[in-house]
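Structure at a glance
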Amino acid sequence: MRWVALCAIPVFFCAAAVLQRQIDVRAATLSEANEELILRSPEAIRKLSLGYDALLGDIYWTRAVQYYGREMNEPRPDFHLLWPLLDVTTTLDPRLEVAYHFGAIFLSETGSIGAGRTDLAIKLVKKGVAANPNIWQLGTDLGFLYYWRLKDYPNATAAYLEASRVPNAPPWIKAMAARVAQTGGSIETSQMIWGQIYDSTKDATIKKRAKEELQGLRAQEDMIQLGKLADQYKQRVGRYPASEEDLRAAGLLPGIAVDPAGFPYEFDSDGKPRLNSKTTFQMPKEPKVFSAPAARTESSPSEQIQGTRVQ
Amino acid sequence: MAAAIIEIEGLTKDYPSGFWRKRWKRSLDHLSLQVEEGEIFGFLGPNGAGKTTTLKLLMGLIFPTSGTARIRGRSIEDIAMHAEIGYLPEHPYFYDYLTARELLDYYARFSNYSTAERNARVETFLKRVGLSSAANVQLRKFSKGMLQRAGIAQAILHDPKVVFLDEPMSGLDPVGRREVRDIILALKQQGKTVFFSTHILSDAEMLCDRVGVLVDGKLHGVGSPREMVSVEMQSMEILFELLEGRALPPRIADQARQIGGRYRIAVPEQDVYVAIEQLRSCDARILSMTPVRPTLEDYFIRLVGRERAATHEEETVLR
Amino acid sequence: MNAIPGAVAVNTFREAVRDRVLYNLIFFALLMIAASILVGQISIGIDRMVIVNLGLSAISLIGLVMAIFIGVSLVSKEIEKRTLYSLLARPIHRWQFLAGKYAGLLLTLIVNTAFMTVGLAGALFYVGRPFVRGDLTILIAIYFILLEFALVTAVALLFSCYSSPMLSTLFTVGVYITGVFAQDIRQAGDLSKDAAVEFITRAVYYLVPNFHNFNVIAAAAHGEAVGFGLVWQNTLYTAVYVVLVLLGATAVFSGRDLK
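Every residue gets a number counted from 1 within its own chain, in the order that chain's sequence is written. Chains carry letters and ligands carry numbers; both start at the beginning, A for chains and 1 for ligands, and go up in the order they are written. Residue-level local features of this predicted model are given only where pLDDT is at least 70; pairs of side-chain atoms are given and counted only at 80 or more, and the full residue set underlies all totals for whole chains, interfaces and linings.

**Describing the overall build of chain C**
Labels follow the DSSP assignment, with helices taken as runs of H or I lasting at least four residues and strands as runs of E lasting at least two, numbered in each case from the N terminus. For chain C, the count of helices and strands is 12 helices and 0 strands. Going from the N terminus to the C terminus, chain C shows its helices and strands as α-α-α-α-α-α-α-α-α-α-α-α. Every radius of gyration here is taken over C-alpha atoms, with the globule rule written as 2.2 Å times N^0.38, N being the number of residues. Relative to the 2.2 N^0.38 estimate, which gives 18 Å for 259 residues, the radius of gyration of chain C is 20 Å and therefore close to what a compact globule would have. Counting other C-beta atoms within 10 Å of a residue's own tells you its class, since 20 or more makes it buried, 12 or fewer makes it exposed, and anything in between is partly exposed; those C-beta atoms are placed from the backbone. The buried share among the 259 residues of chain C stands at 46%.

Quick look at the structure:
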């Protein structure tokens, strides 16, 4: 009898597994696998954690990251849960710096890579600043949001100034505040801001984003420069250059400038520079409100990305 | 005249009973008793009489409703007095994850011994109760008899002056019971006082200098076993043969029992001569006459029966 | 005189070991190993913090479960199994017995926690961080967790003196949860503006041991320092409270008939 029982067990296990798969299929067709946050109130969750809030915070942070990663792969991404997840995370662990950071960037990102809610991003980062007045990185995140997303230069300046007053805050923050106040939305300023984000973050997703932005800024910078050179060419030669080769032949360019994907820039008939039609490089989708670049300061890893412009 | 080594005065214990715990059940009713030094005292009584209650009161496991008791002149409330007494509870439950040696070592730590002395004592008493070979076996593997022996060992290993044993012979086979009897006698030889409760009346008869009988919480008499039973009448057992063709007188015929070709009859002491006359008148041949000693058990059963009847009567009257 | 509670304590510890209570360490070790291996893949950049959070929370939770489940049967098991009968016939006061049982369980918890601390250190090491000054807070967090155990064990022991393990568990868990929420309860009472409610909530706050005092797990995970003053005060609070509860247990147990 014992052997009968022992042999029957694997059979029943297989049956259960088969049934489970069928249930999964049926349940999936019932509704798209919906991630939902059953408990919305961060305070309620914190109370329920019975003192283990930091651990629960880590769990929610993990959920937030995985949620973001999953949605990114969806054909029609929708990040509506990102804010609640990050809100709960930061209520459970108000000191989780990386969560504020992540939210600052990806709550405000538009298109298919973010929730497009700059207001919530600002709300989150302000919460972070209030809970962690000694973490200057949060203040600079706030500055970034006002500057980059809202083009609200006065508030951006105020945020950077506030951050610069934190003990141990590095000196560049004050310089940033001044620069934003003076030159507003210049490429240089934007490069400084994204450069700082790139240098200071350890989160791979954020780093990648910053790199893309910096590359886009560099391309813009290149094209503005090329535009000026094209004007000079027109004055000298009487017509707009057909390609960079023309500029080089005229001695205006020491070499051929390439975009971050390695393709030379092209000119349209009005002499406006544009990206090579065959290029694989994609401009990040941000509206451009920039003026001419100003003089450079010291180098940093972000500067390496901008790389040598001459081949 | 020295004070008794155990003095119990008016010891009473009431338990709350009934669903709302309002009524009181008296399980020990003003027990007063004295035990002399060096004697073996047997505490007898049916189940539920209050024997274990008495022992638990003496050990400080439960607290009296009224009355006092003193052991070696020290109140039972004096915990330090416990150093001079040993106790074997009714069902010896011990930590089953300990070995016999570890158990004795643990209990020995409650007395002030040096490590060397403690170890020596543990070994000595393991040997004395015959557990040396099982010293490193966990108690959970012990038989009832072995547990009992371990229990006795812990009760005596600190050389107490008075030893209290609750049903020490219960559940043991005849060999085990013999061993326990021997240990009790040995304790007496060492000058110790032994107070034990038991059902096994033949053991009480054999061992005890004095006994006390407890029924339904009340003490009915204290004395040597002989004194207790001599209250009862003796009777005589007559063995006789009948000659062919003769009949027995009717009264004898009622009571006599036939075994093979012979007859037996038990006759109360005062009727012996009348019976002999009657037998002679029918020419019976008397083979033997033996006095029948009543046992403690007879006394006991009769006493309990009487008490139960009395209580029953009381209850019927009260209703 | 001190030898007697000590002997009881050692025996209680021995019982826990032989009851294979320490096998929970295997579970903890597996947890730490799994966490160390997986953490890098699911949470970028904060692996150390997650290990500390997970490890400390597990130490706290497992220890609490042990403190409660063993604590509530400390006395009741001895009564039920009647092992107490022959013990109390020896020259041992009932308070000495209680003190010994308490110390024995606490010793078990301390030993258990020590092993777990080593496991946690191992996991941190594996994840690649050298030990920094901020890790001292982890040790303080563990110390606070031990203080918590000391309190919960005392409460469990108290209940063990007069009710069954089932009821005692419920009561002890109830006291613990109330203690964790004590601050919230008090705040709710303050907000209610009803004098009676406020009085009750205040009373609860001071009556119940405030377990929220001991939670510095988050601080340890972020490597923040915990002031020495706080350590000292919490130690004192625990000591006072434990003595208080043990006195209560003695009061209850000293008058109790052992059926």
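**Describing the sheet that holds strand β13 (residues 262-268) of chain B**
Residues and elements named next belong to chain B. Two strands are counted as paired when DSSP detects at least two bridges linking them. Spatially, β12-β13-β11-β14 is the arrangement adopted by the 4 strands of the open sheet, whose pairing is antiparallel. Sheet topology places β12 (257-259) and β14 (285-292) at the edges, where each strand pairs with a single neighbour. The sheet shows a mean angle of 25° between the axes of neighbouring strands, direction not considered. One ladder, built from 7 bridges, connects strand β11 (residues 235-241) with β13; its direction is antiparallel. Residue pairing across strands places Leu239 opposite Arg264, the latter belonging to β13. C-beta atoms are placed from the backbone for every residue, and two residues are taken to be in contact when these atoms lie within 7 Å. Think of each axis as a best-fit line through the C-alpha atoms, taken over the contacting stretch in the case of a helix, with angles from 0 to 180 degrees between the N-to-C directions. Running at roughly 10° to β11, helix α9 (residues 272-281) makes contact with β11, β13 and β14 of the sheet.

**Looking at helix α4 (residues 82-92) of chain A**
Quick reminder: α-helices carry 3.6 residues per turn. Residues three or four places apart thus point the same way. Residues and elements named next belong to chain A. Burial runs high along α4: 9 of the 11 residues are buried. Turning to α4, its buried residues number three or more, namely Leu82, Leu85, Leu86, Asp87, Val88, Thr89, Thr90, Thr91 and Leu92. On its buried face, α4 sits against α2 (42-48), α3 (53-72), α5 (97-108) and α6 (118-131).

**Quick notes on the arrangement of the chains**
Counting contacts across all 2 pairs of chains that touch, the top pair turns out to be chains B and C. Across the gap from chain A to chain B, with no contact made, the nearest C-alpha atoms are 29 Å apart.

**Remarks on the nonpolar core**
Across soluble globular proteins, you tend to see nonpolar side chains buried next to one another. By size, the foremost hydrophobic cluster in this structure holds 207 residues, and its most contacted members are Val125 of chain A, Leu103, Leu104 and Ala153 of chain B together with Leu157 of chain C. Setting aside chain neighbours within four positions, we find Val125 of chain A in contact with Tyr100, Ala104, Leu138, Asp141, Leu142 and Leu145 of chain A. Joining buried Ala, Val, Leu, Ile, Met, Phe, Trp, Tyr and Cys residues through C-beta atoms within 7 Å gives a set, and that set is a nonpolar core. Core analysis: the next-biggest nonpolar cluster, separate from the first, contains 12 residues, Met223, Leu226, Leu229 and Tyr265 of chain A among them.

**A word on the interface of chain C and chain A**
Each partner contributes to the interface: chain C provides 19 residues, whereas chain A provides 17 residues. If you tally residues by element for the side of chain C that touches chain A, the top one is helix α3 (residues 47-71) of chain C, at 5 residues. Gly counts as polar in this scheme, as do all residues outside two lists: the nonpolar Ala, Val, Leu, Ile, Met, Phe, Trp, Tyr, Cys and Pro, and the charged Asp, Glu, Lys and Arg. Taken together, the residues of the side of chain C that touches chain A sort by class into 11 nonpolar, 7 polar and 1 charged.

**Some thoughts on the pairing of strand β4 (residues 66-71) of chain B**
All names here are of chain B. Across 5 bridges, strand β1 (residues 6-17) lies against β4 in antiparallel orientation. Among the inter-strand pairings, Ile6 is bridged to a residue of β4, identified as Ile71. As paired elements, β4 and strand β5 (residues 74-75) share 2 bridges and run antiparallel to each other. Bridge pairing in β5 places Ile71 opposite Arg74. Adjacent in sequence and paired antiparallel, β4 and β5 are bridged by 2 residues, among which Arg72 carries a positive phi angle near 55°.

**Notes on the environment of Val252 of chain C**
Residues and elements named next belong to chain C. Of note, Val252 is situated in helix α12 (residues 228-254). Placed 91 residues apart in sequence, Val252 and Cys161 show a C-alpha to C-alpha distance of 6.8 Å. With residues near it in sequence (within four places) discarded, Val252 still touches Cys161 and Tyr162.

**Some points on the packing of helix α6 (residues 94-127) of chain C against helix α7 (residues 136-160) of chain C**
Residues and elements named next belong to chain C. It is at 10 Å that the axes of α6 and α7 come closest, and there the two elements cross at 150°. In this view, α6 runs roughly antiparallel relative to α7, as classed from their interaxial angle. Crossing of α6 against α7: the hand is right-handed. Where α6 abuts α7, its residues Leu98, Lys101, Tyr102, Leu105, Leu106, Leu109, Ile110, Thr113 and Thr117 lie against Ile142, Ile145, Leu146, Phe149, Ala150, Thr153, Ala154 and Leu157. Classifying every residue of the contact of α6 with α7 gives 13 nonpolar, 3 polar and 1 charged. Angles are sorted into four bins: roughly parallel if under 35 degrees, roughly antiparallel if over 145, roughly perpendicular if 65 to 115, and oblique for all others. With the far helix as reference, a near helix turned anticlockwise by less than a right angle produces a left-handed crossing, and one turned clockwise produces a right-handed crossing.

**Structural notes on the sheet that holds strand β6 (residues 85-88) of chain B**
Residue and element names in this part refer to chain B. A sheet is described by the order of its strands in space; here 6 strands give the open sequence β6-β7-β8-β3-β9-β10, paired in mixed fashion. Of all the strands in the sheet, the pair left with one neighbour each is β6 and β10 (218-223). Along the sheet, successive strands turn relative to each other by an average axial angle of 15°, direction set aside. In this structure, strand β3 (residues 40-44) lies alongside strand β9 (residues 210-215), joined through 4 bridges in parallel fashion. Bridging from a neighbouring strand, Phe43 pairs with Gly212 of β9.

**Some remarks on the interface of chain B and chain C**
On the side of chain C, 20 residues touch chain B, which itself brings 21 residues to the contact. Of the residues assigned to the side of chain B that touches chain C, the class counts are 16 nonpolar, 4 polar and 1 charged.

**Let's talk about unusual backbone geometry**
Residues and elements named next belong to chain B. For His30, which is not glycine, the phi torsion reads 45° and is therefore positive. Look at Asp159: it is not a glycine, yet its phi comes out positive at around 55°. As for its placement among the helices and strands, Asp159 is situated in the loop between α4 (144-156) and β7 (162-166).

**Focus on the packing of helix α7 (residues 136-149) of chain A against helix α8 (residues 153-164) of chain A**
All names here are of chain A. Closest axis-to-axis distance for the α7/α8 pair is 8 Å, and the angle between their directions is 170°. The angle between α7 and α8 falls in the class roughly antiparallel. From α7, Trp136, Gly139, Thr140, Leu142, Gly143, Tyr146 and Tyr147 reach across to α8, where they touch Tyr153, Asn155, Ala156, Ala159, Tyr160, Glu162 and Ala163. When grouped by side-chain class, the residues that make up the contact of α7 with α8 number 9 nonpolar, 4 polar and 1 charged.

**Some points on the environment of Ala8 of chain A**
Residues and elements named next belong to chain A. Its location among the elements puts Ala8 in helix α1 (residues 2-30). For Ala8, a count of 10 C-beta atoms within 10 Å translates into the label exposed. The spacing of Ala8 and Phe144 is 136 residues in sequence and 64 Å in space, taken between C-alpha atoms.

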